[in-house]
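Residues per chain, in single letters:
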Amino acid sequence: MEQHEKNMFTASTSVQSDRILYTASSFAKSNLLYLQEIGSLTALAPHTSRREKLLSCLCFVVLEGSGQLAYENRMYPLKTGDVVFIDCHKPYSHSTAVEDLWSLQWCHFYGITVQAIYAKYRERGGEPVIHPKDVSHYKNLLAELYGVANTDDHVRDMRIHEKLSSLLTYLMSESWHPEKHRT
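Definitions and limits used
- Residues numbered from 1 in each chain as written.
- Predicted model: local features only at pLDDT ≥ 70, side-chain atom pairs only at ≥ 80, totals over all residues.
- Heavy atoms only, no water.
- Phe/Tyr/Trp six-rings, centres within 6.5 Å; stacked < 30°, edge-to-face > 60°.
- Helix = DSSP H or I, 4+ residues; strand = E, 2+ residues; numbered from the N terminus.
- Buried < 20%, exposed > 50% of the residue type's maximum accessible area, 1.4 Å probe, protein only.
- Expected span 1.5 Å × (residues − 1).
- Arc of directions from axis to C-beta.
- Polar contact = N/O pair within 3.5 Å; in protein donor to acceptor, adjacent residues only side chain to side chain.
- Contact = heavy atoms within 4.5 Å.

Caption draft 1: Here's a closer look at the packing of aromatic side chains. Taken as a whole and judged by the stated rule, the model has six aromatic pairs. Relative to Tyr118, the ring of Phe85 lies with its centre 5.0 Å away and its plane at 70 degrees, an arrangement referred to as edge-to-face. You can see Phe85 sitting in strand E8 (residues 83-87) and its partner Tyr118 sitting in helix H2 (residues 114-123), a full 33 residues away along the chain. Each member of the pair, Phe85 as well as Tyr118, carries the same accessibility label: buried.

Here it is, written out as structure tokens:
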């Protein structure tokens, strides 16, 4: 049986967070795109989050405020409406601006096809940070994904797979930049 744990907490004096730590079924882990963690946070003070060597991808939306992402030896400025999509096996950090604290929506996910999809995303010119014309697709999809993860639906892992597939479809549609084609 799948398990999930919902936490509403303040991890420190710098961040207030609402998240679900999701444990997918063994079937989902072997066959589907699956959720690991999803939530939102509001920075109460400047903070930096650093991670690496995670078997995970991270997608987050800057709901308000600003900050920066350090990824693949580059710094990317982030502002309201930006979307981040990265492979968490590589070292990364993200931090909010001192003068413009941010709020984020995020999810960590994985699956047997994720590495190939991420490689195709980058090959097509996809960048770690995108500036979509309409960020509402991402915000709505992450909210729907959170809602599905927070249910006891007997086909929850299939619904999560469907939402993650939609998220990857949006990300891939934003990645078509033939001028930046990578081999």
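Caption draft 2: Representation of unusual backbone geometry in the model. At Lys53, a position not held by glycine, the phi torsion is positive, near 60 degrees. Examined against the element boundaries, Lys53 turns out to sit in the loop between strand E4 (48-51) and strand E5 (57-64). With relative accessibility at 63%, the residue Lys53 sits in the exposed group. You will see that Asn73, though not glycine, has its phi angle at about 60 degrees, which is positive. Following the sequence through the fold, Asn73 ends up in the loop between strand E6 (66-71) and strand E7 (74-79).

Caption draft 3: Up close: helix H3 (residues 136-149). Across its 14 residues, H3 extends 20 Å between first and last C-alpha, which sits within 8% of the 20 Å expected from 1.5 Å per residue. Of all the positions in H3, only Tyr138, Leu141, Leu142, Leu145, Tyr146, Val148 and Ala149 are classed as buried. Buried residues of H3, viewed axially, fall in a sector of 160 degrees; they line one side.

Caption draft 4: Looking closely at helix H4 (residues 156-174). With 19 residues, H4 extends 27 Å between its outermost C-alpha atoms, agreeing within 8% with the 27 Å of an ideal straight helix rising 1.5 Å per residue. Inspection of H4 places Arg156, Asp157, Ile160, Lys163, Leu164, Leu167, Leu168, Leu171 and Met172 among the buried residues, and these make up the whole buried set.

Caption draft 5: Focus on the side chain of His108. Note on placement: His108 falls in strand E10 (residues 103-110). Reaching out from His108, the side chain makes a polar contact with the side chain of Arg51 at a distance of 3.3 Å. Reaching out from His108, the side chain makes a polar contact with the side chain of Ser56 at a distance of 3.0 Å. Leaving out residues up to four positions away in the same chain, His108 has contacts with Leu35, Gln36, Glu37, Arg51, Leu54, Ser56, Cys57, Leu58, Cys88 and Tyr92.

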